[in-house]
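# An overview of the molecular structure
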Amino acid sequence: LLNKAGLTSIRYASGSPDQYRMLLDMKQRGILTIRTSILFRLGGSIDPTRLDETFNEWGIRSDEGDEWVRVAGIKLGVDGGFEGGWMREPYQAPWGGEEGFRGLQTVSKERYVMLVRALNERGWRVATHAVGDAAIDLVLEAYETAHRDSPIVGKRWVIEHAFVSQSDQLPRMKALELQLSVQGHLYVAAPSLRKYWGMERADGVTPIRTYVDSGLDVSLGTDSPVVPYPAMWALYHFITRNTISAGVAGSEQRIGREEALRLSSLGNANLTFEEDYKGSLEVGKLADLIVLSEDILSVPEERIENIEVLLTMVGGEIVHRGLAFEK
């Protein structure tokens, strides 16, 4: 299904050691047709002082793997999602019957900072789910604290989603050379987000134009299964800022077609330190490519989301063949 949707690589940001070993087994058996970078999920309730015990049980090292299956770090979270993103300012309307609701902080500041510092000390790269601007505040504080212990610049630590950010946060992100992993949630959730956060704040969700213009490293994806995985939907949304049922949202945050392609290919390769051998069609890189039914650079915008993937190739092997290539 992923190959049919035009995907040759995925970054799975919420995996388990058992799933990792399953992928290794699939690779060994020759049945794996998509490259996978996996991050292991640690809940906020884990005791930071027992990390060594956890890693010993796993028997897995940071960054181990090859071009098929690679360990890409640890996934943490500090706030809720659509209904619970942790904000500096209250939601537009009472949510859950509570006046002044600002979202959900899912882990204490003390435990989160301690966990981030402990992971850095052990050489693990961190990616943190942060939807709201208050959540991003906490992530930046923890990352900066860890950086003072041992520099994280150049290690490509990640903020996942970054729905709502503020201008004062962008220089701090850049100073740490953070990666922003963003997805097209607004495409499907615009009506709900406008209800929770108001029109202005909701329509600015995932300000990708601002991020790119600020010189931040951005990768573009989906967030399946929270958001459907077809890549063309995500490209269409970021190019047009159109949504399924709420019209265009935040048109000033549109990006160009070539930008969207670059962020979804080289941007993701850069996110996982794989840009030297994938993410673009160049001599010496992996033969991972797709063939589309229409030219995404020139087709009318309204047709982008419905472009068909005619053929998908991974490592020089055809793993999906549409009707046009069956004969």
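Residues numbered from 1 in each chain as written. Predicted model: local features only at pLDDT ≥ 70, side-chain atom pairs only at ≥ 80, totals over all residues. Heavy atoms only, no water.

## Comments concerning the overall build of the chain
Broken down by element type, the chain carries eleven helices and ten strands. Its C-alpha radius of gyration of 20 Å places the chain within 12% of the 20 Å reference for a compact globule of 327 residues. For the chain, with 327 residues in total, the buried portion stands at 51%. Taking the contacts inside the chain whose residues are at least 6 apart along the sequence as the reference set, 71% of them involve residues at least 24 apart. For the chain, the centre of its 36 positive side-chain charges and the centre of its 46 negative side-chain charges are spaced 2 Å apart. (Helix = DSSP H or I, 4+ residues; strand = E, 2+ residues; numbered from the N terminus. Rg over C-alpha atoms; globule rule 2.2 N^0.38 Å. Buried < 20%, exposed > 50% of the residue type's maximum accessible area, 1.4 Å probe, protein only. Contact = heavy atoms within 4.5 Å. Lys, Arg positive; Asp, Glu negative; His and termini not counted. Charge placed at Lys NZ, Arg CZ, Asp CG, Glu CD.)

## A closer look at the nonpolar core
In terms of nonpolar packing, the biggest core is built from 65 residues, with Tyr 112, Leu 119, Tyr 143 and Ile 159 touching the most fellow members. Of the residues forming this core, the biggest block, nine residues, is contributed by helix α4 (residues 133-149). Excluding residues within four positions of it along the chain, Tyr 143 makes contact with Tyr 112, Val 116, Val 126, Ala 127, Thr 128, Ile 152, Trp 157, Val 158, Ile 159, Leu 176 and Leu 178. (Core = buried A, V, L, I, M, F, W, Y, C linked by side-chain atoms within 4.5 Å.)

## Some remarks on the layout of surface pockets
For the second largest pocket, the calculated volume is near 250 Å³. Taken together, 13 residues form the lining of the second largest pocket, with Ser 165, Glu 200, Arg 201, Gly 204 and Pro 207 sitting closest to its centre. Per-class residue counts for the lining of the second largest pocket are four nonpolar, six polar and three charged. (1 Å grid on protein atoms, 1.4 Å probe; cavity = no way out; pocket = protein on both sides within 12 Å on 5 of 7 lines; lining within 4 Å. Points joined across faces, edges and corners; volume = space filled by probe spheres on them. Nonpolar A, V, L, I, M, F, W, Y, C, P; charged D, E, K, R; others polar.)

## Brief notes about the side chain of His 161
Take His 161: it is sitting in strand β5 (residues 158-161). For His 161, the side chain forms a polar contact with the side chain of His 129, separated by 3.2 Å. Reaching out from His 161, the side chain makes a polar contact with the side chain of Gln 183 at a distance of 2.6 Å. Among residues more than four places away in sequence, those in contact with His 161 are His 129, Ala 130, Val 131, Ser 181, Val 182, Gln 183, His 185 and Asp 223. (Polar contact = N/O pair within 3.5 Å; in protein donor to acceptor, adjacent residues only side chain to side chain.)

## Examining the environment of Asp 149
Of note, Asp 149 is situated in helix α4. Considering only alpha carbons, one finds Asp 149 and Phe 238, 89 residues apart in sequence, at a separation of 37 Å.

## Digging into the packing of aromatic side chains
Applying the stated criterion across every chain, the model contains 14 aromatic pairs. Ring geometry for Phe 55 versus Trp 58: centroids 5.3 Å apart, planes at 65°, classification edge-to-face. Of this pair, Phe 55 and Trp 58 are both found in helix α2 (residues 51-58), three residues apart, which corresponds to roughly one turn of the helix. Taken individually, Phe 55 and Trp 58 each receive the classification buried, so the pair is uniform in this respect. Taking the centre distance of 5.7 Å and the plane angle of 55° together, the rings of Tyr 187 and Trp 233 count as tilted. Within this pair, whereas Tyr 187 is found in helix α6 (residues 185-197), its partner Trp 233 is found in helix α9 (residues 231-240), the two being separated by 46 residues in sequence. Overall, the relative accessible area of 7% leaves Tyr 187 in the buried class. An aromatic cluster is present here, built from Phe 82, Tyr 91, Phe 101, Phe 163, Tyr 196 and Trp 197 joined pairwise through their rings. (Phe/Tyr/Trp six-rings, centres within 6.5 Å; stacked < 30°, edge-to-face > 60°.)

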